[in-house]
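# Residue-level structural notes
One-letter residues, chain by chain:
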2 protein chains.
Amino acid sequence: MTHFDQRDFQKMDRLFRINLINSCSGYKSANLVGTKSPEGVSNLAVFSSVTHIGSDPALLGLIFRPTTVVRNTYNNIKKTGSFTLNQIHEPVLEDAHHTSAKYAANISEFDATNLEEDYRKNFPAPFVKASPLKIAMGYLEEYSLKANNTILMIGEIKHLFVDDQLLQKDGFLNLSKAKIATINGLDGYAIPNLKTRLAYQRPKNTSQNTV
Amino acid sequence: MTHFDQRDFQKMDRLFRINLINSCSGYKSANLVGTKSPEGVSNLAVFSSVTHIGSDPALLGLIFRPTTVVRNTYNNIKKTGSFTLNQIHEPVLEDAHHTSAKYAANISEFDATNLEEDYRKNFPAPFVKASPLKIAMGYLEEYSLKANNTILMIGEIKHLFVDDQLLQKDGFLNLSKAKIATINGLDGYAIPNLKTRLAYQRPKNTSQNTV
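For the structure given in this document, a descriptive report is provided here. Only a predicted model underlies this, so the values are computations on that prediction, with no experimental measurement involved.

## A word on the environment of Asn 31 of chain B
Considering the arrangement of structural elements, one finds Asn 31 of chain B in strand E3 (residues 31–36). In terms of polar contacts, Asn 31 of chain B uses its side chain to reach the backbone carbonyl oxygen of Ser 25 of chain A, at 3.2 Å. A distance of 3.1 Å separates polar atoms of two side chains, one belonging to Asn 31 of chain B and the other to Gln 87 of chain B.

Below, the structure written as C-alpha cells:
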C-alpha cells in the first residue's frame, strides 16, 4: 500500500492533495441545488456533500466552502429560506457538472445549460425538470465549523417527488432504476447498479454477546 | 411522479419512512469505523455518513445518532481520541453489514466476523486488514445538532493507506479499481464502475457571463 501522512499532505502539490483527499472518504451523493435570488435569478450548482441527518423529522445537511462558486447558492438560501435538491442521473451528467463553472450571480445556470426549470406545489425555488428524484427543502439552521471555516447547513424536507419506478413497497428508493449518479473525488462519476439489500442484523447466537 | 409532503412523513409507517428518507439523499460512502476502548476491546461499526469536510487541512466528518449501536464507537473515540476509517469493498460486504448488529461493549465485532485487525504506524485504533483504503483519524471537534440531537464529529486525517492500483498520477483514487461499495438507503449496496472524469469547468464564452 502507498502511505501518506500529515507531513506528506503539507508538501504535496495542491491539486494532487485536492484529488487525493476528495477521493478518500468514498462515494458521494450527486445533487443539483436549485435556488432563486430575491431578484428572481435562478441558480443551479452541483453538490457532492448532501448527507442524511435524520428521518424523523426528515433532515438533510450540506457543506458550504465560503469562497467557492456556490456562494450564490448560499446567499440565495439565506435570503429566501428555500432550495431544491435534484438527483443527477446519467442523461444530464455533463450539464450538471458544468454548473460548477463560476458564473456571475446575474446568470442562471439554467440558461447556460440544457437543464430546464420546473415548478411544483407553489414552491419558490426551481427544480430540475429531468431529475427523477427532487426534494423541496426549507432552511433550518447552520453551524460554522471552526476546524476550517466551512458551514454545515441543515434543512428539512418539505416535499419529495420520485419517479414511480424507483419506489419499492417498503419505502426503499432503488436509485439505480433511474441511472442516478455517484461522485468519486472532485470530477469522477459512476452510475451504480444495485447489487443487494442485506437483512437487518442481530448478534450471532453465542452466549453473553447481546446487549 | 409520486409526491410526499411533511404530513405524509408523519402519517407513514416508521420503517417505510426510514427507508424512504435514507434513500432520498443519494448514494453514500461505505466505511467501517474501527476503535478500541480504554479496556482494550476493539470495535467495528458500519457508517454511511462519512463526509468530506476539507482537504487543507485534511478533514472528514461523520454523524452520530446517540441512541444507536454506534454508541460504543462514539464512547471509544471520546475516550481515546483515535479512530480508523476503512472503505468497504465487495469481498467483505456481508461481514461489514453484520457490524450493524447490537453487540455489547465487551464484544469485538472482529471476533463476531471474519474481518481481521491490522495495526500500522503505531496508531492505537485497529484497521481492517482486507480494506483497500484505510485512514487513521484524530478527533478534532464536534457539534450537537439542535434540529434532531445528532452529533457531527470532525476528525483530521493522520495517515492514509491506499492500494497502489487505486492511485492515479494526479492524486485521484479510482475507487472502482478495488470494488469499493456505495450504500443506497439503509441496507442497499452497489459496486460502481467509474464511468468518466469530467474536466474543470469554466463559463461558456458568451459576453458578460463571467465573474
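## Remarks on the sheet that holds strand E12 (residues 182–184) of chain B
Sheet strands pair by backbone hydrogen bonding; their relative direction is either parallel or antiparallel. Taken in spatial order, the four strands of this open sheet run E14(A)-E13(B)-E12(B)-E2(B), and their pairing is antiparallel. At either end of the open sheet lies a strand with only one pairing partner, and these are strand E14 (194–197) of chain A together with strand E2 (28–29) of chain B. Relative to strand E13 (residues 188–190) of chain B, E14 of chain A runs antiparallel, the two being bridged by three bridges. Bridge pairing in E13 of chain B places Arg 197 of chain A opposite Gly 188 of chain B.

## Points about the pairing of strand E6 (residues 58–64) of chain B
All names here are of chain B. In terms of burial, E6 is a largely internal element, seven of the seven residues being buried. Residues Ala 58, Leu 60, Leu 62 and Phe 64 line one face of E6 and the alternating positions Leu 59, Gly 61 and Ile 63 line the opposite face, and both faces are buried. As consecutive antiparallel partners, strand E5 (residues 51–55) and E6 are separated by two residues. One ladder, built from six bridges, connects E6 with strand E11 (residues 150–162); its direction is antiparallel. Pairing of Leu 59 across the sheet is with Glu 156, part of E11.

## Overview of the sheet that holds strand E14 (residues 194–197) of chain B
Reading across the sheet, the four strands line up as E2(A)-E12(A)-E13(A)-E14(B) and stay open at both edges, with antiparallel pairing between neighbours. Every interior strand has two partners, whereas the edge strands, strand E2 (28–29) of chain A together with E14 of chain B, have only one.

## Some remarks on the pattern of salt bridges
Under the definition given, this model contains 18 salt bridges over all chains. Close ionic contact of Arg 17 of chain A with Asp 56 of chain B constitutes a salt bridge, the shortest N to O distance being 3.2 Å. Of the two residues, Arg 17 of chain A sits in helix H2 (residues 14–24) while Asp 56 of chain B sits in the loop between E5 and E6, which places them in two different chains. Residue Asp 56 of chain B is classed as exposed on the basis of its relative accessible area of 55%. Each of the salt bridges in this network shares a partner with another, and the network as a whole consists of Asp 118, Arg 120 and Lys 134 of chain A.

Definitions and cut-offs
Residues numbered from 1 in each chain as written. Chains lettered and ligands numbered in written order. Predicted model: local features only at pLDDT ≥ 70, side-chain atom pairs only at ≥ 80, totals over all residues. Heavy atoms only, no water. Helix = DSSP H or I, 4+ residues; strand = E, 2+ residues; numbered from the N terminus. Polar contact = N/O pair within 3.5 Å; in protein donor to acceptor, adjacent residues only side chain to side chain. Pairing = 2+ DSSP bridges. Buried < 20%, exposed > 50% of the residue type's maximum accessible area, 1.4 Å probe, protein only. Salt bridge = Lys/Arg side-chain N within 4 Å of Asp/Glu carboxyl O.

These values are about where atoms sit, not about what they do.
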